[in-house]
Amino acid sequence: MIAWLDASREDQRRMREIVNLFAQSESRDELGIGQVRDAFSDSLFPGTSTLQTRARYLLFVPWCFVAAAAKGGPATRGEQRVEGNERALIAGLRDLGATDGLIGGLAGVAVKTLPSALYWGALRQYAILQVAEPLDALGLSASPDPGQEELAERLPGAWSPTLPPVPAGFPRHPETGFELSRAEAAWLQERILGSTEGSLLHHLVSGGNRPQPSSDTPWDDPVCHTAAPEVLKTLEHARLFSLAMHGASFLYNLMIAELYVAAGHTRIERPVERYRDRLQEWAQECQRHSKALSAWDRGAFWQHILAVNPQVRPVTRAFLTTWFNRVCSLDVGQAADDKTLRQLICRRERSQKGSQSRLTNDRLLASWSGKSGTRRLIYRWGQVNRLVQDLHDGLEAANVAS
């Protein structure tokens, strides 16, 4: 069980993102590198998160608030009407058959986490939302003006004044589902471009820079390599960090696999051999990228990370620096049996988890899924690519129509 105290909608979003990562066995942060991973994610793709699914939610959420205010009635019931609108939207999208990326696709209108909780940070980042909290967006201040009882009369300038109008029939009948109209796509493009200067997201949202829908990572997509030089430097740091840490996750899983087999567990087939093979393949990949790893400016790497998040702990920096030194010297060919590297991984995982370490907790060892944090870091690329595809679909459909 996980419990937390949050002071804002953004705190809530971050915690839900962490919970979401626990649900994805291949992307867990077993070695405590999440601060560095998120620093790259935030600088490359501002306003995004792993919880976002479709671009039109950036309009759906404010429309739910505006529609609630337009109904009038007591301001104190405003939040209930917004929630009702969000749940009605889920029902409307399901009836329309728009289930690809639907928040609440399984739970339906009973879903606990509503779109507003997942998109609040993005709405603020892109200046679509111009206040901090939901109550402000409803016009519910701490000291309401008794002369303004109606919600519609008290709604402040919470949303961008150029927000496209709420469509007829919304939210129960969302018409085109997740498809953006020409005006909507152009408006979202303008908002994102105006608030993400110097990022890879800014480049991808610009006209003519649609990425390939099937690309696995941003550095594998040709359009990403046409970004500005400073953006490409950040992307290269992110790529090398992803490459370096992939081996650490394999070594960690190899160590678990050995304990798993030694304890007599058999549910996972041949895990030791599998991770020895993957470590060897990783070492060969490092050799293929030896020139880039040897030339990696790790001083510039840390300068970028600490500029984004100065709270990265010294112990994390020390762990990563030690691991980088071995990777960049290409001294990882025998990583599977390297006692120094094994001790480094063991100390790091135990310092992060204490009694919950799989390397020391027999109960957790027995429940091992066969892969803990083995997915390569791609910095929300799957979610970002989908959002950008939605935007370009709208822009290109507009061009065809014109």
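Each value, and the rule that gives it
Residues numbered from 1 in each chain as written. Predicted model: local features only at pLDDT ≥ 70, side-chain atom pairs only at ≥ 80, totals over all residues. Heavy atoms only, no water. Helix = DSSP H or I, 4+ residues; strand = E, 2+ residues; numbered from the N terminus. Buried < 20%, exposed > 50% of the residue type's maximum accessible area, 1.4 Å probe, protein only. Contact = heavy atoms within 4.5 Å. Areas by Shrake-Rupley, 256 points an atom, 1.4 Å probe, with all protein chains shown as cover. Core = buried A, V, L, I, M, F, W, Y, C linked by side-chain atoms within 4.5 Å. Polar contact = N/O pair within 3.5 Å; in protein donor to acceptor, adjacent residues only side chain to side chain. Axes fitted to C-alpha atoms, helices over the stretch in contact; angles between N-to-C directions. Parallel < 35°, antiparallel > 145°, perpendicular 65-115°, else oblique. Left-handed = near helix turned anticlockwise from the far one by under 90°. Nonpolar A, V, L, I, M, F, W, Y, C, P; charged D, E, K, R; others polar. Arc of directions from axis to C-beta. Phe/Tyr/Trp six-rings, centres within 6.5 Å; stacked < 30°, edge-to-face > 60°. Lys NZ or Arg CZ within 6 Å of the ring centre and 35° of its normal. pLDDT = per-residue confidence, 0-100. Salt bridge = Lys/Arg side-chain N within 4 Å of Asp/Glu carboxyl O.

1. Observations regarding the overall build of the protein
Scanning the protein from N- to C-terminus turns up 17 helices and 0 strands. Every one of the 402 residues in the protein was classed for burial, and the buried ones make up 53%. Looking at the protein alone, contacts between residues at least 24 apart form 74% of all its contacts between residues at least 6 apart. Of the accessible surface of the protein, which amounts to about 18600 Å², a share of 52% is contributed by carbon and sulfur atoms.

2. Description of the nonpolar core
Of all hydrophobic cores here, the largest spans 107 residues; its most connected members are W159, F241, W282, W323 and F324. Of all the elements, helix α10 (residues 229-262) adds the most residues to this core, at 17 residues. Residue contacts for W323: discarding those within four places in its chain leaves A244, M245, G247, A248, L251, W282, L341, L344 and I345.

3. Structural notes on the environment of R56
Within the element layout of this structure, R56 appears in the loop between α2 (34-44) and α3 (57-70). Apart from the residues within four sequence positions on either side, R56 is in contact with W63, P167, P174, T176, G177, F178, E179, L180 and E184. For R56, the side chain forms a polar contact with the side chain of T176, separated by 3.2 Å.

4. Looking at unusual backbone geometry
The general pattern is negative phi for most residues beyond glycine and trans for most peptide bonds. The omega torsion of the bond from F170 to P171 falls at 5 degrees, within 30 degrees of zero and hence cis. Phi is positive for L330, close to 60 degrees, though the residue is something other than glycine. Within the element layout of this structure, L330 appears in the loop between α14 (314-328) and α15 (339-353). Phi is positive for R380, which is not a glycine, with a value near 70 degrees. Following the sequence through the fold, R380 ends up in the loop between α16 (362-366) and α17 (381-401). Residue R380 is classed as buried on the basis of its relative accessible area of 5%.

5. With respect to the packing of α10 against helix α11 (residues 271-288)
Relative to each other, α10 and α11 sit at 160 degrees, their axes nearing to 8 Å. If you check the angle between α10 and α11, you find them roughly antiparallel. Crossing handedness for the pair α10 and α11: left-handed. Every residue of α11 that contacts α10 at L243, A244, H246, G247, F250, L251, N253, L254, A257, E258, Y260 and V261 is listed here: P271, V272, Y275, R276, R278, L279, W282, E285 and C286. Taken together, the residues of the contact of α10 with α11 sort by class into 14 nonpolar, 3 polar and 4 charged.

6. Observations concerning helix α13 (residues 298-308)
By the burial criterion, the buried members of α13 are F301, W302, H304 and I305. Seen end-on, α13 carries its buried residues on one side only, within an arc spanning 160 degrees. Residues of α13 that are exposed and angled more than 90 degrees away from the buried face: Q303 and A307.

7. A look at the packing of aromatic side chains
Under the definition given, this model contains 25 aromatic pairs. Both rings, one in Y57 and one in Y119, keep their centres 5.3 Å apart while their planes meet at 35 degrees; by these two values the pair is tilted. Of the two residues, Y57 sits in helix α3 while Y119 sits in helix α5 (residues 115-125), which places them 62 residues apart along the sequence. On the accessibility criterion, Y57 (1% relative accessible area) is buried. Pairing W296 with F324 gives two aromatic rings, centres 4.9 Å apart and planes at 55 degrees, and the pair type is tilted. With W296 in the loop between α12 (290-294) and α13 and F324 in helix α14, this residue pair connects regions lying 28 residues apart in the sequence. On the basis of relative accessibility, which here comes to 7%, the residue W296 falls in the buried class. Aromatic ring contacts, followed pair by pair, group F40, W219, F241, W296, F301, W302, F324 and Y379 into a single cluster. A cation sits over an aromatic face here: R317 above W302, 5.0 Å from the ring centre.

8. Considerations on the packing of α14 against α15
Between α14 and α15, the least distance of the axes is 11 Å, while the angle of their chain directions is 160 degrees. Looking at the two axes, α14 sits roughly antiparallel to α15. The handedness of the crossing between α14 and α15 is left-handed. When α14 is examined against α15, the residues V315, T316, F319, T322, W323 and R326 are found in contact with a partner set consisting of T340, L341, L344, I345 and R348.

9. Notes on the side chain of S160
Looking at the element boundaries, S160 is found in the loop between α7 (151-154) and α8 (182-193). For S160, the side chain forms a polar contact with the side chain of T162, separated by 3.0 Å.

10. Here's the deal with the confidence of the model for the protein
Counting all residues, the mean pLDDT for the protein is 89, and 86% of those residues have values of 70 or more. Below pLDDT 50 for its whole length, residues 21-27 participates in 17 contacts with residues either more than four positions away or in separate chains. Contacts for the low-pLDDT stretch residues 141-149, under 50 throughout, to residues beyond four places or in other chains number 8 contacts.

11. Structural notes on the pattern of salt bridges
Think of it this way: side chains of opposite charge can pair up when their charged atoms draw near. Applying the stated rule across the entire model yields 20 salt bridges. As a salt-bridge pair, K233 and E230 come within 3.2 Å of each other at their nearest N and O atoms. You can see K233 and its partner E230 sitting in helix α10, 3 residues apart, about one turn around the helix. Shared partners join several salt bridges into a network, and the residues in it are R54, D100, R386 and D390.

12. Points about the side chain of E86
Relative to the helices and strands, E86 is located in helix α4 (residues 78-96). With a relative accessible area of 3%, E86 lands in the buried category. Of note is the side chain of E86, whose polar atom sits 2.8 Å from the side chain of S116. If we ignore the near neighbours within four places in the chain, the residues touching E86 are C64, L114, P115 and S116.

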